[in-house]
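Summary of the model geometry
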Amino acid sequence: MSEPTLSLKDVHTYIGQHHILQGVSLDVNAGRATVLVGRNGAGKSTTLRTIMGLYPVRSGSITLDGEAIQNRKPFHIARLGIGFVPEDHAVLTTLTVEENLRLAMFKESEDGWRRMESIFRLFPDLKRFLHSKAGVLSGGQKQMLAISLALVLDHRIVLIDEPSKGLAPVVVEHLGKSLNQIKDTTTVVLVEQNFYLASQVGQDYFILDDGRVAHHGLMEDLVNDHALKRKYLGIG
Amino acid sequence: MTDLTPVQRERWHEERTRYSRPGFLIQMAALAALVVIPLIFPSFRVMDVVAKIMIFTIVVASYDLILGYTGLLSLGHSMFFGIGAYSLALVIYHAPQPCWYHFLVAAGVALSLSVALALIIAFFSLRVKAIFFAMMTLALAEFTDILAVQWYDLTRAEDGVSFKLPGIFNLGWSGPTLGGIEINGRLMTYYFILVVSVILFVMMVRFIRSPVGRVLKAIRDNEPRATALGYKTFRYQVFSIVFGSSIASLGGILFATWLRYVSPGSTLSTPIMLNILLMVIIGGLGTLYGSIIGAAFIKMTETWLPDLQQAAETVFPNMVILHRLAERWILYFGVLFILVVFFFPRGFVGTAREMIRRRKAIARKRS
């Protein structure tokens, strides 16, 4: 078995006085789509934000291709090749769609411009609204743009936090198809409450419960394990 | 060219046609107007208003870089303006004879002091909370104002410093008469201010249109997001503060060049800071071009609104009530400001851009 691209070992994270992650350990393999599922407050989003350096690691380690990255500054972690799509459609609202994408390119390159074109094939709406301010886009379009910001660079891994949150079912369906295309080209870690979407995109899964990994395995096994789903996700 | 993506091609075409677009032609017309105004209206009053509009445009635009584009509320921008003004005044005042190189020395002193102070402010305040930046700039600005008032031997306190400029900028200098227009020291100073103001303004426009400007706007919008995209936001914020403050100090040098007199009240005081703040709000935050409108609005109303009283006395010599009402011009200034904020909530330029954007969006939807 090859070394995992991203590895968390016994990671503990506090937010203020609250002990949120209580020893999370997980491995993300290259070229796979890994989904973190669990109830609200289980620590899924905190795990992603801790990987990105937005919350400090109290103890434990995080490695990217063998290099320790815990407690590095977020901009440094981003430059190491981790793309992050925060929840709530985080785009730069007063910049145009094009400016958002050029900003995310970091250093404009031929490769970046070509990736922008492939993004337009994935999300044609973005091309239509290229000169519009991101603030005037619909929720779904904002989410597409937010995801695109992580795709315009050739990241080693892309972390996506609850992309379906607040979106209409028809938009979620389109998003699922797009995420399936994205996972073919890059390693994805997805946090998702919508189990249908998670099961469509994910290949590996980790169930988080009370700040710890309660279970993990192949997504196809979880889909058929109704008892496990009922116990940790509240769905049958 | 064939290897370019469609978006790149669009940008390339845009770059090529930049100098034939209406926006550029309007800018050229405005520039031409600034060149001919002193020739058409040779009165000192008109020239004085236009020169001050140019100077304050630079100062307000530099403030817009910090507040409008980087999202940092500075209450000490007048300090940098004052540092520039005092640099020129004191270098010339304390020298035995005014010389050309005094401008360079003053610019060197002003820029060194501004960069040093801006760095100190940035390093001590940005790592804490945004409000600390406002507090620290306010405290330092007050300190500088008090220092200028108290240190009589250096600054002549509230008496201020009067000085003479060298060569063609000297008020006593008189050149040839061209087409009935006398070329004198005042006119040469006006054109010097025009040239430097245009250079500084173009520098700021290019700064905002550069990738750095894009990052600054991103920081203003959502700093954690900009960080997560790989940007060391602190470095960009420091750069913006240093750049904006340096330009303001050069604006101060222009101000001193025009007035040939500097005092704490005219450069370092709180009302100057409030004026800068008013100008940027009226023009439109984060628009840069709004600084022209903001500076013009305030300087023109400040200059011509007091004439109401005289106009009332001339046109209606027997209507005492009207004379009394006309005396309260400062009240009308306040009312005017409220009306502008009410009808143009994003400032003149900000609101106009918003309307144009909305129209374009509607047109796009229809097509």
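This report concerns the structure included in the present document. The shown structure was predicted, so the numbers you read here are calculated from the model rather than taken from an experiment. (Residues numbered from 1 in each chain as written. Chains lettered and ligands numbered in written order. Predicted model: local features only at pLDDT ≥ 70, side-chain atom pairs only at ≥ 80, totals over all residues. Heavy atoms only, no water.)

Digging into the environment of Gly252 of chain B
Residue and element names in this part refer to chain B. Position of Gly252 relative to the elements: it lies in helix H10 (residues 233-259). Assessed through its relative accessible area of 0%, Gly252 is described here as buried. Excluding anything up to four places from it in sequence, Gly252 contacts Phe81, Gly84 and Ala85. (Helix = DSSP H or I, 4+ residues; strand = E, 2+ residues; numbered from the N terminus. Buried < 20%, exposed > 50% of the residue type's maximum accessible area, 1.4 Å probe, protein only. Contact = heavy atoms within 4.5 Å.)

Things to note about the packing of aromatic side chains
All names here are of chain B. Per the counting criterion, the structure on display carries 20 aromatic pairs over all chains. For the ring pair Phe44 and Trp258, a centre distance of 6.3 Å and an interplane angle of 10 degrees mean the geometry is stacked. You can see Phe44 sitting in helix H3 (residues 44-69) and its partner Trp258 sitting in helix H10, a full 214 residues away along the chain. Among the residues examined, Phe44 registers a relative accessible area of 44% and is labelled partly exposed. Measuring from centroid to centroid gives 5.9 Å for Phe103 and Phe169, while their planes differ by 80 degrees, and the two rings are edge-to-face. Here Phe103 is found in helix H5 (residues 101-125), whereas its partner Phe169 is found in the loop between strand E1 (161-162) and strand E2 (174-178), with 66 residues between them in sequence. Accessibility expressed as a relative area gives 11% for Phe103, which makes it buried. Under the relative-accessibility criterion, Phe169 is labelled buried at 7%. (Phe/Tyr/Trp six-rings, centres within 6.5 Å; stacked < 30°, edge-to-face > 60°.)

A few points about the sheet that holds strand E6 (residues 82-85) of chain A
All names here are of chain A. Strand order in this open sheet of 6 strands is E6-E7-E8-E3-E9-E10, and the pairing throughout is mixed. Lying at the two open borders of the sheet, with one neighbouring strand each, are E6 and strand E10 (212-218). Neighbouring strand axes in the sheet, compared pairwise and without regard to direction, differ in orientation by 15 degrees on average. Two elements, strand E3 (residues 33-37) and strand E9 (residues 204-209), share 4 bridges in a ladder whose sense is parallel. Bridging from a neighbouring strand, Val37 pairs with Ile207 of E9. The strands touched by helix H1 (residues 44-51) within the sheet are E3, E6, strand E7 (157-161), strand E8 (187-191) and E9, with E7 carrying the most contacts at an inclination of about 145 degrees. (Pairing = 2+ DSSP bridges. Axes fitted to C-alpha atoms, helices over the stretch in contact; angles between N-to-C directions.)

Overview of the sheet that holds strand E2 (residues 18-28) of chain A
All names here are of chain A. What the 4 strands build is an open sheet, ordered E2-E1-E4-E5; its pairing is antiparallel. The sheet terminates laterally at E2 and strand E5 (67-68), the two strands that pair on one side only. Bridge count between strand E1 (residues 6-15) and strand E4 (residues 57-64): 6 bridges; the pairing is antiparallel. What sits directly across from Lys9, in E4, is Ser61. Across the sheet, H1 is in contact with E1, E2 and E4; its angle to E1 comes to roughly 105 degrees.

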